[in-house]
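Commentary on secondary and tertiary structure
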Amino acid sequence: MALLFFSSSSFDFRVFIVLSFFIVLCNGSSYSSSSPSSSLLSTHHHRHHIAKHNYKDALTKSILFFEGQRSGKLPHNQRMTWRRDSGLSDGSALHVDLVGGYYDAGDNIKFGFPMAFTTTMLSWSVIEFGGLMKSELPNAKAAIRWATDYLLKATARPDTIYVQVGDANKDHSCWERPEDMDTQRSVFKVDKNTPGSDVAAETAAALAAAAIVFKKSDPSYSKILLKRAVRVFAFADKYRGTYSAGLKPEVCPFYCSYSGYQDELLWGAAWLQKATKNVKYLNYIKMNGQVLGAAEYDNTFGWDNKHAGARILLTKAFLVQKMKTLSEYKGHADNFICSVIPGAPFSSSQYTPGGLLFKMSDANMQYVTSTSFLLLTYAKYLTSARTVVHCGGSVYTPGRLRSIAKKQVDYLLGDNPLGMSYMVGYGPKFPRRIHHRGSSLPCVASHPAKIQCHEGFSILNSQSPNPNILVGAVVGGPDQHDRFPDERTDYEQSEPATYINAPLVGALAYFAHSYGQL
C-alpha cells in the first residue's frame, strides 16, 4: 500500500532505449506456460455451458503472483525468476528471525495484519475449493506455507507478535527494488503492554485455517499451526485493544484498524471452533457474539472488517453441521448477502455502469474478490442444506448468488467497457504500468548494479511499461465510472495486493471446475 511519494529525476537508467531487452532478459522463462500469450480468451464446454474465459489459466496466474511478492531466501523452484533474495536480515533489529513472508503490495514492507488476512483467505479458498484445483493445489499450499512459516516466526515468543518489518514512511520515500533495500528494517510488535487484539486474532485465524489445509497432507505441521493458533487467540482475547492505538505512527494510515478488534475476535473464534472442534470456542461465540458485533449491519468484507466472513463461516456450522445454537447466523449472513444483490430488498451496494461492485476508490477490487468468494461459498453451503436466501419477502437461490459472483469475476478478467483484464498477464489487454517497485524497475539480471533509494522515481513518473511482468497480479481496478488510466503513480487503481488475490483463488477454482477446465 503506497501513500507517500518523493520525486527525483536525476537518474537515467538509459533503460528505455533497450526496454524490450530488459523485458526478455527478466521474463524470458520465468513463467513458462503461464506467459501472457497463453491466456487469450478461449472457449470451453461443460454441461452445455460455454465459458468465454480461461478460468484455469487465470487460477494458475492468480497463485503464481504470490511468488512475486515473496520476501526472504527464494527457493530453487521459484518460478517468478526476475525476483531475487531480499530482506535476509529482517528481524535483526530486535534480535529475532523474521526472514520470509510477503510484501503486501507494491512496496517493500511486511505488514502483519493484511498478511495474516491474506493467509486466512488463501486457506479458506483451499478448504472450500481445493478439491477442485488438481495440479494447482500444491502451488496454493506452497503459497499458504510461505506465509505460515513466517507467522510462526512472528509468534514464536509468548504474548508477543511481531506485526511489521520496515518503516512504511521511510520505505515510501524510496522507489527501489526489494533486492536493493537500504532503508532501516525497523521491527514493530504487540505485547501485553501494547496489545493488538485485531492483528493477534487475525493471525490466530490464519494459523487455524492453515492447520485445516495441512491436516491430511502434513499432520505434524498442522498440529504446530493449531497449537500456536490457540495460544495466539488466548493472547488476543486476554489483552484487548487495537494495534493501531499503540502503533499509530507506524501502521496508520496504511493498515489502521478502523473497525476495531471485535470483528477479529469473532472471526478468530469461528476459525478455532472449526479447526479444533473444541466446545469452548462454540461457547465463546454464543456468549460473546452480540458484544463482538455479530448482528451489526456492515456489508464490507476485507483486511479490516471480518464480520461478514465470520457470519458466513458460522452459518455453515448451523446449515451443514447442524449446530442449532448458531441458527441466528443464517439471518445475519442473509442480511449481508441481501445487501450486495442488485435490486434486492435492503440492497445497499453501489455498482458501476459496467456492473462492477464498487465500495471505495482505493483498491476497490479487493472487495470485488472477497464478496465474490463469499457469494460462492455461501451458495455452496445453501446448496448442501437445500435452502435459499431470504431478503424481506424475496427469495434468492444459490444459482443467483453464483451468477452475481461470475459477473464480477468476468468483469475483472475483461468483460467490461474498456475490454481490460485487471489481472496482469491474462488476456490481450491488461495493465502495463502497475504501481509496484520490483515490477517497474529493471531486474537484477539485466541491471546488477544497485539502484539507489531516490533513483527509481524517474521510472515511477514515466509512461514506459513495466519491464517485469508480475503475472497474476490483480490491481485496484477502475473507478466508479469504469475508467482506468493505467498510471504507475495512481496507487489507488494501479497497485496490486496479496489480499486482492487470496479470495480470487477460490472463486477461479470454482469456475474453472464448473466449466470443465479442471
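Residues numbered from 1 in each chain as written. Predicted model: local features only at pLDDT ≥ 70, side-chain atom pairs only at ≥ 80, totals over all residues. Heavy atoms only, no water.

Focus on the overall build of the protein chain
On a plain count of helices and strands, the protein chain comes out with 19 helices and nine strands. What you see for the protein chain is a C-alpha radius of gyration of 22 Å, in line with the 24 Å of a compact globule of 518 residues. Considering only C-alpha atoms, the protein chain reaches an extent of 65 × 60 × 40 Å along its principal axes. Of all intrachain contacts in the protein chain linking residues separated by at least 6 positions in sequence, the fraction that spans at least 24 positions is 75%. (Helix = DSSP H or I, 4+ residues; strand = E, 2+ residues; numbered from the N terminus. Rg over C-alpha atoms; globule rule 2.2 N^0.38 Å. Contact = heavy atoms within 4.5 Å.)

A closer look at the packing of helix α12 (residues 307-319) against helix α14 (residues 365-385)
Running from N to C, α12 and α14 cross one another at 15 degrees; their axes reach a closest spacing of 10 Å. Judged by the angle between their axes, α12 and α14 are roughly parallel. Helix-helix and strand crossings are classified by hand; for α12 and α14 the assignment is left-handed. Residues Ala308, Gly309, Ile312, Leu313, Thr315, Lys316 and Leu319 of α12 touch α14, and the partners they reach there are Leu374, Thr377, Tyr378, Tyr381, Leu382 and Ala385. A class-by-class count of the residues in the contact of α12 with α14 yields nine nonpolar, three polar and one charged. (Axes fitted to C-alpha atoms, helices over the stretch in contact; angles between N-to-C directions. Parallel < 35°, antiparallel > 145°, perpendicular 65-115°, else oblique. Left-handed = near helix turned anticlockwise from the far one by under 90°. Nonpolar A, V, L, I, M, F, W, Y, C, P; charged D, E, K, R; others polar.)

Looking at the state of the cysteines
Applying the stated criterion across every chain yields a total of three disulfides. A sulfur-sulfur separation of 1.7 Å characterises the disulfide bridge that pairs cysteine 252 with cysteine 256. Note on the cysteine 252 and cysteine 256 pair: the S-S dihedral is about 105 degrees, so by sign convention the disulfide is right-handed. Judged by relative accessible area, which is 12%, cysteine 252 ranks as buried. (Disulfide = S-S within 2.5 Å. Buried < 20%, exposed > 50% of the residue type's maximum accessible area, 1.4 Å probe, protein only.)

Overview of the side chain of arginine 488
Examined against the element boundaries, arginine 488 turns out to sit in the loop between α17 (457-460) and α18 (491-494). Side-chain polar atoms of arginine 488 contact the backbone oxygen of serine 462, separated by 3.0 Å. Not counting residues up to four positions away in its chain, the partners in contact with arginine 488 are Trp175, Arg433, Ile434, His435, Ser440, Ile459, Leu460, Ser462, Ser464, Pro465 and Asn466. (Polar contact = N/O pair within 3.5 Å; in protein donor to acceptor, adjacent residues only side chain to side chain.)

What to know about the UniProt feature "active site" (unreviewed entry) in the protein chain
Mapped onto the present numbering, the UniProt feature "active site" (unreviewed entry) falls on His435, Asp486 and Glu495. These annotated residues cover 61 residues of sequence, and their C-alpha atoms lie no more than 10.0 Å from one another, placing them together at a single site. Position of histidine 435 among the secondary structure elements: in the loop between α15 (398-413) and α16 (437-440). Under the relative-accessibility criterion, histidine 435 is labelled buried at 0%. Here the side chain of histidine 435 touches arginine 488 through a polar contact of 2.7 Å, landing on its backbone oxygen. Locating glutamate 495 in the fold gives a position in the loop between α18 and α19 (498-514). Only 2.8 Å separates the side chain of glutamate 495 from the backbone nitrogen of glycine 106, close enough to count as a polar contact. (UniProt positions renumbered as here; feature names shortened; annotations may be inferred.)

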